[in-house]
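Listed below, chain by chain, are the residues.
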Amino acid sequence: MVPASGDLCLVDRPEVPVLGPRQVRVRVLDVGVCGTDREIACARYGIPPPGQEDLVLGHEALGQVVEIGNRVSRVAVGDLVVPSVRRPCKQLDCVACQARRPDFCATGNYAERGILRADGFLVEQFVDDEEYLHRVPAELRDVGVLVEPLSLAEKAIAQYWNIQSRLSWLRRGQGHQLNAVVLGAGPVGLLGGLVLVSHGFRTSIVSRGEGPDPRSNFAESIGARFVSADRHSPDEIAEQVGPIDLVYEATGASPLAFKMLERFGTNGVFILTGEPGRKAPVEVDSPRVMRNLVLKNQLVFASVAASHDDYQAAVRDLQLFRERWPDALGSLISGRYSIDTYRWLLRCESKDMKEVFSFDPS
Ligand SMILES: [Zn+2]
Ligand SMILES: [Zn+2]
């Protein structure tokens, strides 16, 4: 695909013939599709690798190891793996990347597979360094494609607990009854909801739509509450929830998000995970927001990409979620499609759950 023109096509690329000693060849099984892919497919985002005009799409991948270099020790042939998306910039003065945290890269010159400056995983096979691959147990074959999007929620929540260590009495797992509000019930919001419920938050998932529908059913099946943003005003939502300790914004800066920014609670944290794309400006009661931020010790932060530990947490949690909510987890994937459907799947304005390109119909 050519980002500048938005020209999507399938191309033949030669295989990488020989592996480096720490490299791994991976056969792609599943690749999830998200809003970022659709933005790139519309030529609104994305940068091809240096010296190349086109960019291979796909960043939410699950694959199987088919060949390993002679010094690879962390994965074996046959293992299921999920590759990291963001890769460090090469600048020695970037302390974050030097510390193996490219998710906090300070230069902006990082690469993201399938998004910025590096080809993605919508290919039959790819070669990668073992350090960027995360092993996934075989029993997660059907949902392993969710590891990457889940890793984003894991990072956000890990950051939340780090930040809230400012409150000396507040610790994860100590029975505090905290209220979380998730804004948006797309896959990002629902995965965030799963993590929040599993961390003990009394969780409300706010979305358009009246329910019952697959999203409201999902929310209720994991013990969260579904709140219709069509039926309830922001004031009603805030009143129903009670003091809002955490807002997990997953709508991409909708007017509702800014309304809730005016209404979250004392010592609360507002987490932005979406990126608004090209949206119209939203009116905000800025004196109210600022007064609350100061007088209520509030904090707004944003979270993007994920660390190695966040991927590991995502793998671990997927196993837990599978045991706790077996049906709900599977329902997050609404369909698997062959690569031939790429024009339709990448161009459509999907209202479904997670849609997946599958290279392995079995
Ligand atoms: Zn994605
Ligand atoms: Zn960097």
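One can find the structure itself at the top, above this paragraph.
Residues numbered from 1 in each chain as written. Chains lettered and ligands numbered in written order. Predicted model: local features only at pLDDT ≥ 70, side-chain atom pairs only at ≥ 80, totals over all residues. Heavy atoms only, no water.

Help me understand the sheet that holds strand β6 (residues 117-118) in this model?
Backbone hydrogen bonds are what pair the strands of a sheet, in a parallel or an antiparallel way. Spatially, the 3 strands line up as an open sheet ordered β4-β5-β6, and their pairing is mixed. Since the sheet does not close on itself, it has two edges, and those belong to β4 (86-87) and β6, each with one partner. Bridge count between strand β5 (residues 111-113) and β6: 2 bridges; the pairing is parallel. Paired with Arg113 across the two strands is Ala118, which belongs to β6. (Pairing = 2+ DSSP bridges. Helix = DSSP H or I, 4+ residues; strand = E, 2+ residues; numbered from the N terminus.)

So what exactly am I meant to see when it comes to the coordination of the zinc ion (ligand 1) here?
For a metal bound by four donors in tetrahedral geometry, the ideal donor-metal-donor angle is 109.5 degrees, whereas six donors in octahedral geometry ideally sit at 90 or 180 degrees. Here the zinc ion (ligand 1) is held by Cys34 (SG), His59 (NE2) and Glu60 (OE), and the distances to it run 2.0 to 2.3 Å. Coordination of the zinc ion (ligand 1) draws on donor residues from a single chain, spaced C-x24-H-E in sequence. (Donors = N, O, S within 2.8 Å, 3.2 Å for Na, K, Ca; no water.)

Honestly, the nonpolar core in this entry has me stumped. Any pointers?
One recurring pattern in soluble globular proteins is that nonpolar side chains are buried together. Counting residues in hydrophobic clusters, the biggest one holds 87 residues, and the most contacted among them are Tyr160, Leu194 and Tyr248. Among the elements that make up this core, the one with the highest residue count is helix α3 (residues 147-163) (7 residues). Here Tyr248 is in contact with Leu152, Ala153, Ala156, Ile157, Val181, Val182, Leu183, Val188, Gly192, Leu196, Ile271 and Thr273, once residues within four sequence places are set aside. Counting 16 residues, the second largest nonpolar core, distinct from the first, contains Val206, Val227, Val241 and Val289. (Core = buried A, V, L, I, M, F, W, Y, C linked by side-chain atoms within 4.5 Å. Buried < 20%, exposed > 50% of the residue type's maximum accessible area, 1.4 Å probe, protein only. Contact = heavy atoms within 4.5 Å.)

What am I meant to see in the layout of surface pockets here?
To find leftover empty space, a probe the size of one water molecule is rolled over the atoms. When its volume is computed, the second largest pocket comes out at roughly 1200 Å³. Looking at the lining of the second largest pocket, the elements that each hand over two or more residues are β5, β6, β7 (125-129) and α11 (342-347). Each residue belonging to the lining of the second largest pocket can be placed in one class, and the counts come to 26 nonpolar, 5 polar and 12 charged. (1 Å grid on protein atoms, 1.4 Å probe; cavity = no way out; pocket = protein on both sides within 12 Å on 5 of 7 lines; lining within 4 Å. Points joined across faces, edges and corners; volume = space filled by probe spheres on them. Nonpolar A, V, L, I, M, F, W, Y, C, P; charged D, E, K, R; others polar.)

Looking at this structure, I do not really get the pattern of salt bridges. What am I missing?
Oppositely charged side chains can pair when the atoms bearing their charge come close. Taken as a whole, this structure holds 23 salt bridges when the rule is applied. Measuring nitrogen to oxygen at the nearest pair gives 3.7 Å for the salt bridge that ties Arg141 to Asp360. Note that Arg141 is positioned in the loop between β8 (133-136) and α3 and Asp360 in the segment after β16 (354-358), a separation of 219 residues in sequence. Close ionic contact of Arg263 with Asp235 constitutes a salt bridge, the shortest N to O distance being 2.7 Å. Residue Arg263 is located in the loop between α7 (255-261) and β13 (269-272), and its partner Asp235 is located in helix α6 (residues 234-241); the two are separated by 28 residues in the primary sequence. Within the structure, one salt-bridge network assembled from shared partners comprises Asp30, Arg141, Arg336 and Asp360. (Salt bridge = Lys/Arg side-chain N within 4 Å of Asp/Glu carboxyl O.)

Before we go on, may I ask you to explain the packing of α3 against helix α9 (residues 308-324) in this structure?
Think of two packed helices as two axes; the pair is described by the angle between the axes and how far apart they sit. Where α3 meets α9, the axes come as close as 8 Å, and the angle between the chain directions of the two elements is 110°. The orientation of α3 relative to α9 falls into the category roughly perpendicular. Side by side, α3 and α9 meet where Val147, Glu148, Leu150, Ser151, Glu154, Lys155 and Ala158 of the first sit next to Asp310, Tyr311, Ala313, Ala314, Val315, Asp317, Leu318 and Phe321 of the second. Tallied by class, the residues present in the contact of α3 with α9 amount to 9 nonpolar, 1 polar and 5 charged. (Axes fitted to C-alpha atoms, helices over the stretch in contact; angles between N-to-C directions. Parallel < 35°, antiparallel > 145°, perpendicular 65-115°, else oblique.)

What is the right way to read the packing of aromatic side chains from this model?
Two measures describe an aromatic ring pair: the distance that separates the ring centres and the angle between the ring planes. Applying the stated criterion across every chain, the model contains 7 aromatic pairs. An aromatic cluster is present here, built from Tyr160, Trp161 and Phe201 joined pairwise through their rings. Geometry around Tyr110 places Arg86 over its ring, the cationic atom sitting 3.5 Å from the centre. Over the ring of Phe104 we find Lys155; its NZ or CZ atom is 3.9 Å from the centre of that ring. (Phe/Tyr/Trp six-rings, centres within 6.5 Å; stacked < 30°, edge-to-face > 60°. Lys NZ or Arg CZ within 6 Å of the ring centre and 35° of its normal.)

It is not clear to me how the coordination of the zinc ion (ligand 2) should be interpreted in this structure. Could you clarify?
The protein atoms that coordinate the zinc ion (ligand 2) are Cys89 (SG), Cys94 (SG), Cys97 (SG) and Cys105 (SG), at distances spanning 2.3 to 2.4 Å. Around the zinc ion (ligand 2), the 4 donor atoms are arranged such that angles at the metal cover 105 to 115°; this shape is classified as tetrahedral. Binding-site remark: the zinc ion (ligand 2) is held by donors from one chain whose sequence spacing is C-x4-C-x2-C-x7-C. In this pair, Cys89 is assigned in the loop between β4 and α2 (95-98) and Cys105 in the loop between α2 and β5, connecting sequence segments 16 residues apart. Cys105 shares its class with Cys89; the two are buried. (Tetrahedral: all angles 85-135°; square planar, octahedral: opposite > 155°, others 65-115°.)

Would you mind showing me how to read the side chain of His59 here?
Here His59 shows up in the loop between α1 (35-41) and β2 (60-68). Reaching out from His59, the side chain makes a polar contact with the side chain of Asp37 at a distance of 3.3 Å. Sequence-distant contacts of His59, that is, excluding residues within four places in its chain, are made with Val31, Cys34, Thr36, Asp37, Val85, Arg113, Ile115, Phe121 and Glu148. (Polar contact = N/O pair within 3.5 Å; in protein donor to acceptor, adjacent residues only side chain to side chain.)

Just checking my understanding: could you explain the pairing of strand β15 (residues 333-337) for this structure?
The two faces of the sheet receive side chains in turn, since in a regular strand these alternate between them. Here 4 bridges tie β15 to β16, and the two strands are oriented parallel to one another. By the bridge assignment, Tyr337 is partnered in β16 with Phe357.

Sorry, what's going on with the sheet that holds strand β12 (residues 246-249) here?
As summarised here, the arrangement of the 6 strands in space is β11-β10-β9-β12-β13-β14, forming an open sheet in which the pairing is parallel. Two strands close off the open sheet at either side, each with one partner strand: β11 (225-228) and β14 (299-302). When strand polarity is set aside, the average angle formed by the axes of neighbouring strands in this sheet is 20°. In terms of strand pairing, β12 meets β13 through 4 bridges, oriented parallel. Bridging across to β13, Glu249 finds its partner in Leu272. Packed onto the sheet, helix α4 (residues 187-198) meets β9 (179-183), β10 (202-207) and β12 and runs at close to 170° relative to β10.

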